[in-house]
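Residue-level structural notes
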Amino acid sequence: MSGDLFLLQRMQPNMRNVRQLLVLVVTLLVGCALPPGYRPEFRQINASLVDRALQPLRSSFTTPPDKPLGVYMGVALDGASPAFDGDIRRARNGLFLQAASGPSLLLSNLQAEPQGDPHADFATMPTAARAAGQWLQSQSVQTNRTPFAMVVIASHGQDDMLMVRAGKTQILALINGSYINAFLNDFGAVPTIVIISACHAGSLIPALRAPNRIIIAAAASDRVSFGCGADSTSTVFMQALLDKELDRSFSLEDLFIRGRNRVIGLEMRLKMQHSLPVMDVGSDMEVFAVTPLAKWSTALREFRMSKH
């Protein structure tokens, strides 16, 4: 899908989408910038970083039967706060790497110019998703096991929109739920966990909902999240959701309920409007959602058996 056309192709002629289109036009004019991935001076650097980021997908992973096999994709869309970059690293280190084995991909717009990790842009997001999807399919065939995918997306958000901005000043573009769903579809029907750390994150759920997905959103569709200041290492929501040391006797539902209660408690103390985090569980993932992380391999085997 062309990055230039993704939003126009998906929009329907109603007032909300007209407003979103006007916001997009204004941000592009004010930022005087093309969407990320289109700046000629960054293309070669980003292409090299993408190739390096995809190297783990070309390696073989051998894990014991009781260790789940998965792929992690973290996408920090907005560089205005280090909290978003911190979120994708906290989720990788504090959840994925402690619960599973497999490659991880980090796409980050923390810096104005791509450096350690490739930018999250209209070229790298679908490229990374396709590569991850191919890896998931190959592992399913080669190991006769069901791997899973975990995707964490962090940014500033509004109704069905997330900001894409490299560094603190280059306001570049907006993406919507349909665009995100398009690259999630490259993972196929494997169990997929999606965590969205953004204001109004719940508004993306209708576009992303699928039987094989669990979606955790930092805020309800009509609420803002908080905790992404200029010096924040991660958002309040992600800190509440994940401790540095993972208790593998917890399920995803346990983690979510505990995290939501922590957020509510802080909001009450600060006399802030509740952000109301949301967890949406697909029909094929109900057992997986309540299974302790230590028993994910069993849940994945049962998922595979139910599909054959």
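Residues numbered from 1 in each chain as written. Predicted model: local features only at pLDDT ≥ 70, side-chain atom pairs only at ≥ 80, totals over all residues. Heavy atoms only, no water.

1. Regarding unusual backbone geometry
Selection rule: Helix and strand labels come from DSSP, where a helix needs a run of H or I of at least four residues and a strand needs a run of E of at least two; each type is numbered from the N terminus. To sort residues, take the accessible area from a 1.4 Å probe on protein chains only and compare it with the maximum for the residue type: under 20% means buried, over 50% means exposed, and anything in between is partly exposed.
Residue Asp-160 is not a glycine yet carries a positive backbone phi of 55°. As for its position among the elements, Asp-160 is in the loop between β4 (157-158) and β5 (161-166). Here His-200, not a glycine, exhibits a phi torsion of approximately 60°, which is positive. Secondary-structure assignment places His-200 in the loop between β7 (192-197) and α7 (205-208). Assessed through its relative accessible area of 18%, His-200 is described here as buried.

2. So, the pattern of salt bridges
Applicable threshold: One side-chain nitrogen of Lys or Arg within 4 Å of one carboxyl oxygen of Asp or Glu is enough to make a salt bridge.
Applying the stated criterion across every chain yields a total of 8 salt bridges. We note a salt bridge from Arg-258 to Asp-243, for which the minimum N-O separation is 3.0 Å. Taken together, the residues Arg-258 in helix α9 (residues 252-270) and Asp-243 in the loop between α8 (236-241) and α9 connect sequence positions 15 residues apart. For Asp-243, a relative accessible area of 27% translates into the label partly exposed. Linking Asp-243 and Arg-262 is a salt bridge whose minimum nitrogen-to-oxygen distance equals 2.9 Å. Note that Asp-243 is positioned in the loop between α8 and α9 and Arg-262 in helix α9, a separation of 19 residues in sequence. Arg-262 gets classed as partly exposed once you look at its relative accessible area, which sits at 34%.

3. Focus: the packing of aromatic side chains
Here is the rule we go by: Pairing of aromatic side chains here covers Phe, Tyr and the six-membered ring of Trp, requires ring centres within 6.5 Å, and sorts the geometry by plane angle: under 30 degrees stacked, over 60 edge-to-face, intermediate tilted.
Taken as a whole, this structure holds 6 aromatic pairs when the rule is applied. Between Phe-96 and Phe-148, the aromatic rings sit 6.0 Å apart at their centres with planes inclined by 55°, giving tilted as the arrangement. Note that Phe-96 is positioned in helix α4 (residues 82-99) and Phe-148 in strand β3 (residues 148-154), a separation of 52 residues in sequence. Across the pair, Phe-148 and Phe-96 agree in class, each one buried. Judged by centre distance (5.4 Å) and plane angle (75°), the rings of Phe-148 and Trp-296 are edge-to-face. Of this pair, Phe-148 sits in strand β3 while Trp-296 sits in helix α11 (residues 296-306), placing them 148 residues apart in sequence. Take Phe-148 and Trp-296: they sit in the same class, and that class is buried. What links up through ring pairs into an aromatic cluster is the set Tyr-72, Phe-96, Phe-148, Phe-288 and Trp-296.

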